[in-house]
Amino acid sequence: MHNPYSSAKVKSSEITPEEVYLNRREFLKSMGYVGLSGLLLAACAPRGISGSPETDSAGGEIASEVTKTDELGDPVNTFEQITNYNNYYEFTTDKEEVAILAEDFQTDGWKVEVTGLVNKPKTFAIDDLVRQYPQEERIYRLRCVEAWSMVIPWLGFPLKALLDEVEPQSSAKYVKFTSIHNPEQMPGQNSRLFPWPYTEGLRLDEAYNDLAILATGLYGNSLPPQNGSAIRLVVPWKYGFKSIKAIVKIELTEFRPDTLWNLVAPNEYGFFANVNPEVDHPRWSQKSERRIGELGRRETLMFNGYAEQVAHLYEGMDLQRNY
Ligand code: MTE
């Protein structure tokens, strides 16, 4: 069986989408700040902020190391980390090259078709979705099945809002997501090792959980290509591979849909794939994880720390099993 994942170290990088970089520069200039270091967070920190301004020797306010945190108090990862260490097999299996290869990925006129067992199937333009549904910031931990993690300040809206709009029929039990298939733009899709396009799925009640969002941005700006632009799923209590990027189709189905990782290695990547420190991956332990940017390891939390919100969805299921 092809080993789909490989591990690599994060390297610091200069790559920053120009638009984001310019926005930040404008903001910083307007605030009279000189350098960029430590200010990115301050530049886009409307909610969930911890920290307080400091003063310089002359008593003037200087740039504070204001850092947003998740609800457990863990600081968000830097924009550079989040956008330069990516899993995106449509481009490459090298995490540190995704940003470069995805730089020119075209998302103009992006549309998402919502179809299947619904009363009101509809194709949505991404711009309409962003206008129609208020974009909320959600700071979530992302725990990859490879045992690394980050804390990411997403912008997006609840998946359930979109599902409500198309009115699922009573026979609908699952939601299938499909990523774009465009080998011309995505060199990795020329590899026959994977059954493209990337697909994923949720049970309908999981999709209706408030934690499940469709993300259209991060760090207060639009979603960089390497993170799944124009729109992606984020389901933070599941291993990261469930959070499918670059979605073009959402389909409600009666039966459990095939997913890319289920097709490639069902014994390693189950359909539910809930973060669970008690169930090891066949090739490594899931008890702990490496938080990108930190030394040492952290203990992995059941459901990635979201048990209160999601444990009820799995009552009666044997959580030791890799479904
Ligand atoms: N979605 C698509 N379409 N293609 C992918 O290769 N990788 C998944 C997930 N979504 C992937 C995907 C995996 S394994 C992880 S860990 C996360 O995206 C990584 O998201 P990030 O790069 O934004 O951190």
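None of the values given here were measured: they were computed from a predicted structure.

Focus: the overall build of the chain
(1) Moving on: When helices and strands are counted, the chain shows nine helices and 16 strands.
(2) Moving on: For the chain, buried positions account for 51% of its 323 residues.
(3) Moving on: Summarising the internal contacts of the chain: among those between residues at least 6 apart in sequence, 69% fall at separations of at least 24.
(4) Moving on: Of the roughly 14,900 Å² of accessible surface on the chain, a fraction of 50% belongs to carbon and sulfur atoms.

Things to note about the packing of aromatic side chains
(1) Moving on: Counting across every chain of the model gives 17 aromatic pairs.
(2) Moving on: Ring geometry for Tyr174 and Phe271: centres 5.9 Å apart, planes at 80 degrees, overall edge-to-face. Residue Tyr174 is located in strand β9 (residues 174–179), and its partner Phe271 is located in the loop between α8 (260–264) and β15 (288–291); the two are separated by 97 residues in the primary sequence.
(3) Moving on: We classify Phe271 as buried; its relative accessible area is 1%.
(4) Moving on: Ring geometry for Phe272 versus Tyr314: centroids 6.1 Å apart, planes at 80 degrees, classification edge-to-face. Here the residue Phe272 occupies a position in the loop between α8 and β15, and Tyr314 occupies one in the segment after α9 (307–310), the gap between them amounting to 42 residues.

Remarks on the nonpolar core
(1) Moving on: Trp154 and Trp237 are the most contacted members of the largest nonpolar core, which has 81 residues in total.
(2) Moving on: When residues in this core are grouped by element, the largest group, six residues, is from strand β8 (residues 148–158).
(3) Moving on: Residues contacting Trp237, with those up to four places away along its chain left out, are Glu206, Asn209, Leu211, Ala212, Asn274, Val275, Phe303, Asn304, Tyr306, Val310, Leu313 and Tyr314.

Describing the site of the ligand
(1) Moving on: Every one of the 17 residues lining the ligand counts as a neighbour, but Tyr89, Glu90, Arg232, Ser243 and Lys245 are closest to it.
(2) Moving on: A distance of 2.7 Å separates an oxygen atom of the ligand from a polar side-chain atom of Arg232.
(3) Moving on: Between the ligand and the protein, one listed contact pairs an oxygen atom with a side-chain N or O atom of Lys245 at 2.7 Å.
(4) Moving on: Relative to its unbound accessible area of 540 Å², the ligand is 100% covered by the protein chains.
(5) Moving on: A breakdown of the residues in the shell around the ligand according to their chemical character gives eight nonpolar, six polar and three charged.

Digging into the side chain of Thr259
(1) Moving on: Assignment of secondary structure puts Thr259 in the loop between β14 (247–253) and α8.
(2) Moving on: Those residues in contact with Thr259 that lie beyond four places of it in its chain are Thr199, Glu200, Gly201 and Phe271.

Re unusual backbone geometry
(1) Moving on: Look at the link from Trp196 to Pro197: it is a cis peptide, with omega at 0 degrees.
(2) Moving on: In the Ramachandran plot, Tyr219 falls in the positive-phi region, its phi being about 50 degrees despite a non-glycine side chain.
(3) Moving on: Looking at where Tyr219 falls in the secondary structure, it is placed in the loop between β11 (213–218) and β12 (221–222).
(4) Moving on: You will see that Ala246, though not glycine, has its phi angle at about 45 degrees, which is positive.

With respect to the side chain of Lys245
(1) Moving on: Note that Lys245 resides in the loop between β13 (232–234) and β14.
(2) Moving on: Look at Lys245: it is buried, it has no salt bridge, and the nearest opposite charge is Glu90 at 7.4 Å.

Calculation criteria
Think of each chain on its own: its residues are numbered from 1, step by step along the sequence as written. Totals for whole chains, interfaces and linings use all residues, but because this is a predicted model, local features are given only for residues with pLDDT of at least 70 and pairs of side-chain atoms are given and counted only at 80 or more. The side-chain quantities take in all heavy atoms of the structure and omit both hydrogens and water. Numbering of helices and strands runs from the N terminus; a helix is a DSSP stretch of H or I covering at least four residues, while a strand is a stretch of E covering at least two. Only protein chains enter the accessibility calculation, which uses a 1.4 Å probe; a residue is then buried when its area is under 20% of its type maximum, exposed when over 50%, and partly exposed in between. Any two residues whose heavy atoms approach within 4.5 Å at even a single point are treated as in contact. Using a 1.4 Å probe, accessible areas were evaluated by the Shrake-Rupley method; residue-level cover was limited to the displayed protein chains. Working definition: rings of Phe, Tyr and Trp (its six-membered ring) pair if their centres are within 6.5 Å, and the pair is stacked with planes under 30 degrees apart, edge-to-face with planes over 60 apart, and tilted otherwise. Among buried residues, the Ala, Val, Leu, Ile, Met, Phe, Trp, Tyr and Cys ones that are joined through side-chain atoms within 4.5 Å form a nonpolar core. Here a residue is considered near a molecule or strand provided that any single heavy atom belonging to it is located within 4 Å of it. Polar contact is defined as a pair of N or O atoms within 3.5 Å, subject to the rule that within protein one atom must be able to donate a hydrogen and the other to accept it, and that residues adjacent in sequence are counted only when both atoms are side-chain atoms. Residue classes follow a fixed rule: Ala, Val, Leu, Ile, Met, Phe, Trp, Tyr, Cys and Pro count as nonpolar, while Asp, Glu, Lys and Arg count as charged, and any other residue, Gly among them, counts as polar. Charged residues are defined narrowly, with Lys and Arg counted positive, Asp and Glu counted negative, and His plus the chain ends left uncounted. Throughout this description, the term salt bridge denotes a Lys or Arg side-chain nitrogen within 4 Å of a carboxyl oxygen of Asp or Glu.

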